[in-house]
Amino acid sequence: MQIKKKITFTYIALSTLSTLLLSLVVFFLFKQNNQYHFLKRLQDRAKIVASIHYQNDPVKTRYFKEFKANGLEELIDENNYVLKVSGKNTFEYNTDLDLPADFYSKVMANGSNWIENSNRYFYAQTFTESNQKYIVIITAIDRRGNVSSIYIIQILFFGGLAFILLAYFLGRFLARRVINPVARITDEVKIISASNLHNRLPETKSSDEIGDLTKTFNNMLDRLETSFEIQANFINNASHELKTPVTTIIAEAEIMLLKERNVADYIASLENIHSQASRLGDLTESLLKLTQTGYDGKKQLLDIVRIDELLMDVKSDIDKIYPNNRVTIKIQKIPSDPSLLEIPCNKSLLELSLNNIIANGVKYSDNETVFVTLSVNNSTIKISITDIGIGIPAEDIPHLYEPFFRGKKASKYNGYGLGLPLAMKIIRMHNGELQIQSEPDKGTIVNITFNTVNIKNSNVNS
């Protein structure tokens, strides 16, 4: 069922329910009001009958009778009875009255009582005359109350039907008002595809949920367009980077196969082929590692690793690659609780990311001093890597995490532009943050922060 129909039917159902409840309340109150006023009239007549019975003066008796006949509205089938009370629970019984014994008991106990049977009301109250107790009973049919009740039921019934019919049209109008903006967004989205990701939904000036949905969708399109552009650049750059060593190897082999050559030429050719093959192997391995970081952290089996020991392992690896490096590791405020230094992680991947960042500091500072500072508190682990190298121009910083991107200053150094994107993905996979501050010709500061409270422990390798 369409949402528009659901809204319409829901509105009709709620309107019907509210109309029914309102009708019941109105009818109940109307019935109570009719009953109250009719009993009040019976009560007035009971007092007059008691006064007529009490008066021994014929003139006053005639006056009360005339007042009752002319001053009060006539009741249908009105009768009155005066019963003499003989004892505590005994009284004269009138055979014309077919009333339950409980009715008389309540009259004797409370001084008055009433009962209704098929629109005929019986009202009774006690009075005393010359030390003699009596019960006066007034009975009449409330035909007007019955007719008015039927009339109000008809009004409520037909009025309720009319309101439900009105609710149907109001519900459809409300559904269109609510759904039309969503339908408009749906129609706009259907037009957008991979070939026209530059299209955007027209934004509204309103700050309601539809406006938020439009802005959210446009932001998603921005991210998708950027991702597609990065993917396209990645494929183009990867194809170029992979094609270059392959083309060199093939060309070198073809040249060597054209004619016989001396041993020195073969050795030089093989060394060139080996160099290009090594480059191709390194590039392929970097691409595979970059692909590995696309997996969900929940699927990774995590190890509990001390971050200070991991940094020392990275320093050991750096020493093998750059024997004369000047990397200095400093731990600020060693925590008294050793567990604060522990972090659940994929050890090999996290070590690779730190290795890439520290190695970049060594490489792009021409083997100048690189400071690695570790600071730990109850909720975070922070690693700062500072070098005094060539720095990064401001216009290059937004593109640092794009695979194969290399700045103008970095082009004279060996590399593929994969190390930093790989490190960023690994750090994010471990719920960390990577921030880079740099100034050309002065150096770079890389801050890596892990919020240990948010790191997932569900897949810890015990």
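Quick caveat: nothing in here was measured; it's all calculated off a predicted structure.

Asks: Could you give an account of the overall build of the chain, naming the residues involved and the relevant values?
Replies: The secondary structure content of the chain amounts to 9 helices and 11 strands. Counting every position in the chain, which comprises 462 residues, the buried fraction comes to 34%. At a minimum sequence separation of 6, the contacts of the chain that also span at least 24 residues come to 65%. Total accessible area on the chain is roughly 28,300 Å²; 55% of this is exposed by carbon and sulfur atoms.

Asks: Mind laying out a nonpolar patch on the surface, listing which residues take part and the relevant values?
Replies: Taken together, the side chains of Leu17, Leu20, Leu21 and Leu24 make up a nonpolar region of the molecular surface, amounting to roughly 400 Å² of accessible area. Checked against the element boundaries, Leu24 lands in helix H1 (residues 3-54).

Asks: I'd like a description of the UniProt feature "transmembrane region" (unreviewed entry) in the chain, backed by residues and values.
Replies: Residues annotated by UniProt as "transmembrane region" (unreviewed entry) correspond here to residues 7-30 and 150-170. Secondary structure content for residues 150-170 is 100% helix and 0% strand, and the end C-alpha separation is 30 Å.

Asks: Tell me what's going on with the sheet that holds strand S1 (residues 76-84), and back it up with residues and numbers.
Replies: The strand order S1-S4-S3-S2 describes an open sheet built from 4 strands, whose pairing is antiparallel. Strands with a single pairing partner mark the edges of an open sheet, and in this sheet they are S1 and strand S2 (112-117). The sheet shows a mean angle of 15 degrees between the axes of neighbouring strands, taken without regard to direction. With 6 bridges connecting them, S2 and strand S3 (residues 120-129) associate as antiparallel partners. Looking across to S3, one finds that Asn117 is bridged to Arg120. Along the sheet, helix H3 (residues 101-110) makes contact with S1, S2, S3 and strand S4 (132-141), crossing S2 at roughly 155 degrees.

Asks: Can you tell me about the sheet that holds strand S9 (residues 380-387), naming the residues and giving the values?
Replies: Ordered in space as S6-S8-S9-S11-S10, the 5 strands form an open sheet in which the pairing is mixed. Because the sheet does not close on itself, it has two edges, and the strands there are strand S6 (326-332) and strand S10 (432-439). If you compare each strand with its neighbour and ignore which way they point, the axes differ by 15 degrees on average. Pairing of strand S8 (residues 369-376) with S9 involves 7 bridges; the strand directions are antiparallel. For Ser375, the partnering residue across the bridge sits in S9 and is Lys382. Running at roughly 175 degrees to S6, helix H7 (residues 307-321) makes contact with S6, S8 and S9 of the sheet.

Asks: Just give me the short version of the pattern of salt bridges, but keep the residues and values in it.
Replies: Applying the stated criterion across every chain, the model contains 10 salt bridges. With a closest N to O distance of 2.2 Å, Asp77 and Arg120 form a salt bridge. Remark: Arg120 occurs in strand S3 and Asp77 occurs in strand S1; sequence separation between them is 43 residues. Bridged by salt links that share partners, the residues Arg306, Asp308 and Glu309 form one connected network.

Asks: Please provide a residue-by-residue account of the packing of aromatic side chains, values included.
Replies: Evaluation of the coordinates by the stated rule reveals 6 aromatic pairs. For the pair Tyr168 and Phe169, a centre-to-centre distance of 5.3 Å together with 75 degrees between the ring planes defines the contact as edge-to-face. Members of the aromatic cluster, joined through ring pairs, are Phe38, Trp114 and Tyr121.

Asks: Tell me about the nonpolar core, and name the residues and values.
Replies: Counting residues in each nonpolar core, the largest one holds 40 residues, and the members touching the most others are Ile357, Ile383, Ile385 and Ile448. For this core, the secondary-structure elements that each account for two or more residues are H7, strand S7 (342-345), helix H8 (347-364), S8, S9, helix H9 (419-429), S10 and strand S11 (443-451). Sorting elements by how many residues they give to this core places H8 first, with 8 residues. Counting 14 residues, the second largest nonpolar core, distinct from the first, contains Ala50, Tyr123, Val136 and Ile138.

Asks: Before we move on, could you go through H7 and cite the residues and values that matter?
Replies: For H7, spanning 15 residues, the distance from its first C-alpha to its last is 21 Å, which sits close to the expected 21 Å at 1.5 Å a residue. Within the span of H7, buried status applies to Ile307, Asp308, Leu310, Leu311, Val314, Lys315 and Ile318. End-on view of H7: buried residues confined to an arc of 155 degrees, all on one side of the axis. Its buried side turned inward, H7 meets strand S5 (303-306), S6, S7, H8, S8 and S9.

About the cut-offs
Residues numbered from 1 in each chain as written. Predicted model: local features only at pLDDT ≥ 70, side-chain atom pairs only at ≥ 80, totals over all residues. Heavy atoms only, no water. Helix = DSSP H or I, 4+ residues; strand = E, 2+ residues; numbered from the N terminus. Buried < 20%, exposed > 50% of the residue type's maximum accessible area, 1.4 Å probe, protein only. Contact = heavy atoms within 4.5 Å. Areas by Shrake-Rupley, 256 points an atom, 1.4 Å probe, with all protein chains shown as cover. Patch = residues over 30% accessible without salt bridge, like charges linked within 9 Å, V, L, I, M, F, W, Y side chains within 5 Å. Salt bridge = Lys/Arg side-chain N within 4 Å of Asp/Glu carboxyl O. UniProt positions renumbered as here; feature names shortened; annotations may be inferred. Pairing = 2+ DSSP bridges. Axes fitted to C-alpha atoms, helices over the stretch in contact; angles between N-to-C directions. Phe/Tyr/Trp six-rings, centres within 6.5 Å; stacked < 30°, edge-to-face > 60°. Core = buried A, V, L, I, M, F, W, Y, C linked by side-chain atoms within 4.5 Å. Expected span 1.5 Å × (residues − 1). Arc of directions from axis to C-beta.

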